[in-house]
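Observations on the model geometry
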2 protein chains.
Amino acid sequence: MEIIRNPERASWKTILTRPAQDASSLRETVEYIFKEVQQQGDRAVRQFTEKYDGIRQENLLVSGEDFERADNEVDENLKQAIQAARLNIELFHQKQKSSVIRVETAPGVECWQEKKPIEKVGLYIPGGSAPLFSTVLMLAIPARIAGCQEIILCTPPLADGSIHPAILYTARLCGINVVYKAGGIQAIAAMTWGTTSIPAVYKIFGPGNQYVTAAKQRASLQGVAIDMPAGPSELLVMADATADPAFVAADLLSQAEHGPDSQVILVTTCPELPDLVAAEVEKQLAELPRKEIAAKAMENSKLVSIEKAEDAIQLVNDYAPEHLIIVCEEEAYYLRHLRNAGSVFLGAYSPESAGDYASGTNHTLPTNGYARQYSGVNLDSFLKSITFQRISKSGLANIGPTIEIMAAAEGLTGHKNAVSLRMKRIQDDSRY
Amino acid sequence: MEIIRNPERASWKTILTRPAQDASSLRETVEYIFKEVQQQGDRAVRQFTEKYDGIRQENLLVSGEDFERADNEVDENLKQAIQAARLNIELFHQKQKSSVIRVETAPGVECWQEKKPIEKVGLYIPGGSAPLFSTVLMLAIPARIAGCQEIILCTPPLADGSIHPAILYTARLCGINVVYKAGGIQAIAAMTWGTTSIPAVYKIFGPGNQYVTAAKQRASLQGVAIDMPAGPSELLVMADATADPAFVAADLLSQAEHGPDSQVILVTTCPELPDLVAAEVEKQLAELPRKEIAAKAMENSKLVSIEKAEDAIQLVNDYAPEHLIIVCEEEAYYLRHLRNAGSVFLGAYSPESAGDYASGTNHTLPTNGYARQYSGVNLDSFLKSITFQRISKSGLANIGPTIEIMAAAEGLTGHKNAVSLRMKRIQDDSRY
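First things first, this report covers the structure right here in the doc. (Residues numbered from 1 in each chain as written. Chains lettered and ligands numbered in written order. Predicted model: local features only at pLDDT ≥ 70, side-chain atom pairs only at ≥ 80, totals over all residues. Heavy atoms only, no water.)

**A closer look at the state of the cysteines**
Working definition: the covalent bond between the sulfur atoms of two cysteines is a disulfide. Residue and element names in this part refer to chain A. Under the defined criterion, the tally for this structure stands at zero disulfides over all chains. With no disulfide of its own, Cys148 lies closest to Cys174 among cysteine sulfurs, the gap being 13 Å. Its sulfur unpaired, Cys270 is 10 Å from the next cysteine sulfur, which belongs to Cys328. Taking relative accessible area as the criterion, Cys270 reaches 9% and is therefore assigned buried. (Disulfide = S-S within 2.5 Å. Buried < 20%, exposed > 50% of the residue type's maximum accessible area, 1.4 Å probe, protein only.)

**Re the packing of aromatic side chains**
Per the counting criterion, the structure on display carries 16 aromatic pairs over all chains. Seen from their ring centres, Phe205 of chain A and Phe382 of chain A are 4.0 Å apart, and the 15° between their planes marks the pair as stacked. Residue Phe205 of chain A is found in strand β7 (residues 203-205), and its partner Phe382 of chain A is found in the loop between α15 (352-357) and β14 (383-391); the two are separated by 177 residues along the sequence. Each member of the pair Phe205 of chain A and Phe382 of chain A is classed as buried. The interplanar angle of 85° and the centroid separation of 6.0 Å between the aromatic rings of Tyr32 of chain B and Phe48 of chain B together place this pair among those described as edge-to-face. Taken together, the residues Tyr32 of chain B in helix α2 (residues 27-40) and Phe48 of chain B in helix α3 (residues 42-53) connect sequence positions 16 residues apart. Overall, the relative accessible area of 44% leaves Tyr32 of chain B in the partly exposed class. (Phe/Tyr/Trp six-rings, centres within 6.5 Å; stacked < 30°, edge-to-face > 60°. Helix = DSSP H or I, 4+ residues; strand = E, 2+ residues; numbered from the N terminus.)

**Here's the deal with the interface of chain A and chain B**
How big an interface is tends to be stated in terms of the accessible area lost upon association of its parts. Contact residues are listed per partner, giving 120 residues for chain A and 120 residues for chain B. Here chain A meets chain B over a buried area of about 10,500 Å², counting both sides, of which 59% is carbon and sulfur. The largest per-residue losses of area from chain A upon contact with chain B belong to Tyr349, Glu410 and Arg422 of chain A, which jointly make up 8% of the total buried on that side. A salt bridge links Asp244 of chain B to Arg425 of chain A; the nearest nitrogen and oxygen atoms lie 2.5 Å apart. Linking chain A to chain B there are 66 residue pairs in polar contact (both at pLDDT 80 or more). The leading source of residues in the side of chain A that touches chain B is helix α17 (residues 413-431) of chain A, at 11 residues. Taken together, the residues of the side of chain A that touches chain B break down into 59 nonpolar, 37 polar and 24 charged. (Contact = heavy atoms within 4.5 Å. Buried area = accessible area lost by both parts, 1.4 Å probe. Salt bridge = Lys/Arg side-chain N within 4 Å of Asp/Glu carboxyl O. Polar contact = N/O pair within 3.5 Å; in protein donor to acceptor, adjacent residues only side chain to side chain. Nonpolar A, V, L, I, M, F, W, Y, C, P; charged D, E, K, R; others polar.)

**Observations concerning α2 of chain B**
Residues and elements named next belong to chain B. Across its 14 residues, α2 extends 20 Å between first and last C-alpha, which sits within 8% of the 20 Å expected from 1.5 Å per residue. Here α2 has its buried residues at Val30, Ile33, Phe34, Glu36 and Val37. Angularly, the buried residues of α2 cover 165° about the axis, an arc narrow enough to put them on a single face. Relative to its buried face, α2 has exposed residues pointing more than 90 degrees away, namely Glu28 and Gln39. Buried residues belonging to α2 abut α3, α8 (184-193) and α9 (210-221). A positive backbone phi angle near 60° is found at Gly41, which sits one or two residues after α2. (Expected span 1.5 Å × (residues − 1). Arc of directions from axis to C-beta.)

**Digging into the pattern of salt bridges**
Counted by the stated rule, this structure contains 40 salt bridges over all chains. A cluster of three or more residues bridged by salt bridges with shared partners is formed by Asp66, Arg69 and Lys181 of chain A.

**Some remarks on the sheet that holds strand β4 (residues 120-124) of chain B**
Residue and element names in this part refer to chain B. Pairing is parallel across the open sheet formed by five strands, whose spatial order is β6-β5-β4-β7-β8. Sheet topology places β6 (179-181) and β8 (225-226) at the edges, where each strand pairs with a single neighbour. Bridge count between β4 and strand β7 (residues 203-205): three bridges; the pairing is parallel. Residue pairing across strands places Leu123 opposite Phe205, the latter belonging to β7. (Pairing = 2+ DSSP bridges.)

**Let's talk about the environment of Phe92 of chain B**
Structurally, Phe92 of chain B can be placed in helix α5 (residues 76-94). Accessibility expressed as a relative area gives 1% for Phe92 of chain B, which makes it buried. Distance from Phe92 of chain B to Leu379 of chain B, taken between C-alpha atoms, is 9.4 Å for residues 287 residues apart in sequence. If we ignore the near neighbours within four places in the chain, the residues touching Phe92 of chain B are Ile101, Val103, Thr105, Cys111, Trp112, Gln113 and Thr387 of chain A together with Gly360 and Thr361 of chain B.

**With respect to the pairing of strand β11 (residues 302-305) of chain A**
Residue and element names in this part refer to chain A. Alternating residues of β11 divide into Lys302 and Val304 and Leu303 and Ser305, and every residue in both groups is buried. Where strand β10 (residues 263-268) lies against β11, four bridges are found, and the strand directions are parallel. When the bridges of β11 are listed, Val267 appears paired with Val304.

**Structural notes on the nonpolar core**
Counting 68 residues, the largest nonpolar core has Val121, Leu123 and Phe382 of chain A together with Met406 of chain B as the members making the most contacts within it. With 10 residues, helix α6 (residues 133-146) of chain A is the single largest residue contributor to this core. Excluding residues within four positions of it along the chain, Met406 of chain B makes contact with Leu78, Ala81, Ile82, Ala85, Phe133, Ser134, Leu137 and Tyr357 of chain A. Among the nonpolar cores identified, the runner-up in size contains 67 residues, and Ala106 of chain A together with Ala81, Ile151 and Tyr370 of chain B belong to it. (Core = buried A, V, L, I, M, F, W, Y, C linked by side-chain atoms within 4.5 Å.)

**Some words on the relation of the copies chain A and chain B**
Of the transformation placing chain A onto chain B, the axial shift is 0.0 Å and the rotation is 180°, giving an RMSD of 0.0 Å. Given the turn and translation reported, the copies of this chain are related as if by a two-fold rotation axis. Most of the interface of chain A is mirrored in chain B, where 100% of its interface residues are also at the interface. (Least-squares fit on C-alpha atoms with pLDDT ≥ 70 in both.)

Take a look at the structure:
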């Protein structure tokens, strides 16, 4: 942990620099695996799964028996917790449904906008040290509410070739019955090209390591949409003297344990807080099972004290954190001036982990400063909007001359003709 | 024009195939120009402008005098037309404003979603044969309504080094005063990296040729968001026997004149319509100033008659047209089953050119089948949504155990601790 006091504005950029995420070195690997999967289909998927996950498997599709077994293996308490979380997440995402927007922009010119589900979506759930069944909730629930017709899920197999039961249980609970044992670049490639087993999809969602991120970017060059580019998880805590150092330390550590490249930052207007938090971090860190990972992430963490709230919020906006906790008496001031963040947690009893699991908000959020321009996953991520218009004869008589003048000025006579022909017909008709 | 009658379903894919848009051959050029602009800044932008546009220029920024001159040069009728169009477009995009979405997902757990403007956006207006001032309206109006703080516009200079006066007039009318004389890959690279003259932006909008599209995709690898990948313009007309062949022909030609690679398709349940439309196309084509371009596009066009409405709408959904005109008695049937399209025009008096200019809907739309997963540009394109939550002590007491169980099951003890610590505090507090 580095404690920084009243840094000059010129140094902010350096302080806030994230570890470089240059995917260009991975591009060759991604290109190669994409080409193989395009040409060899399932065979290539199996081959790379053997190479990278060490698993040989004939059938990529998870069977009904696998689902049954998972159902038996998941602890009853965990099932109830997942169901409780599901209800809250459903409530919040249901509420995001929007109705048709309709305007008569000019007499006889009716325009509207309507959202429709993306028909085929692919959800990616990473493997690795933690079985992220919570991410299944975060992706499957809005996909179902949106009404996507075909929802598939890809996730890498465990060392014994199976999928973690909690992932399968959660998938089925959310109505996802099509799960493939495939991960990494090969899974993203399969959902891009389609193979005999794994269908191509129109949009791919989900977090992943740098390989998965590079693969999703490659998919987007192929015309497959992606939710957002993903990076290591981040938390910025904005706190004043009212904050409890133990709570702040626990929140920083909860992000730090994600991975050694996780980013955690404290910004505070209270000069004493950094030392108090640092002491609490040391204390709590010792008892964490993932203390080595967390300690590594904490090495790069910054505890910044800054005098004025005005500068503090500017720094927050410059950083554009994925997660932002605000524990300040002047909370309203910060909220009013907040411009960039993925998800915001207010007050002493809103830990970031609430949003990770059960409060209802989505945890698939923009990292790496992308909160400047990307939304976290939400209901709209699974929809596209279509515009409609119906113009009556009198409506066209109203706006026709405008169209004719503009089309002519752009040199597009064909565009003008499509109107003129109709305008003439309207005039002819009105004569009789 | 190829007339196809009752094609077998197996042949649809071939019929609907778009000309290949493989940008991979451009990647080297794009990579080179991006690197030069990153390293040399304005100097590289000037150099490539000289190379590709044949213009040497010192100052990339359009001056106040340039704006004044443009204002004097634009015809009064055109000004009035642009103003009329602006009002309708404003009305439609204003209406897309959404309010904060707020839910108490569990007692004491308040979650909400709020949209904020993307602070820095770049609008790209292509050069080429037509001065697309209409596209300035389509991008600048929603950007202003969204409240984007910094809106810049890049467009390539004409042969005399100036920008078309209608583009400058429209930009200023919409409140855009920062316009750069830069186009092509170098403009997109400048907005990605930032140069001394041209600031870096968070999201780039606008149509363009294959070079611009490849450059935008390159920008997205750098973390700059883009509106959507662009391709040649398209129109599909879905018509029955009630459609007027002259109107249909005029609409097809209006799209065909965009470029030789434009895609126009007629799908009809009326077996006689294709021949009638083909005859009308021949007649009208002869009188178009851009007849060579349009004729070339019409060569690749397909006029498809298909017996059942059920199959027809399936074909439309498979194609996912950028623009869709429906002139059918059973319009309601088609609307009910429509799943993929960018913008839809209903009835005989709703020509596609109305949406290009003045009805109010946006004309920056997904081509190349991207209507399956992308929305056209709309107000939300200039916003990102942020989620918020405030959890009270009793709220955390409610959902805390759920979070603890799930975090433990994912092996993330730090996440659990952040809750447990607070739960313990709540219990301790309640004891006294």
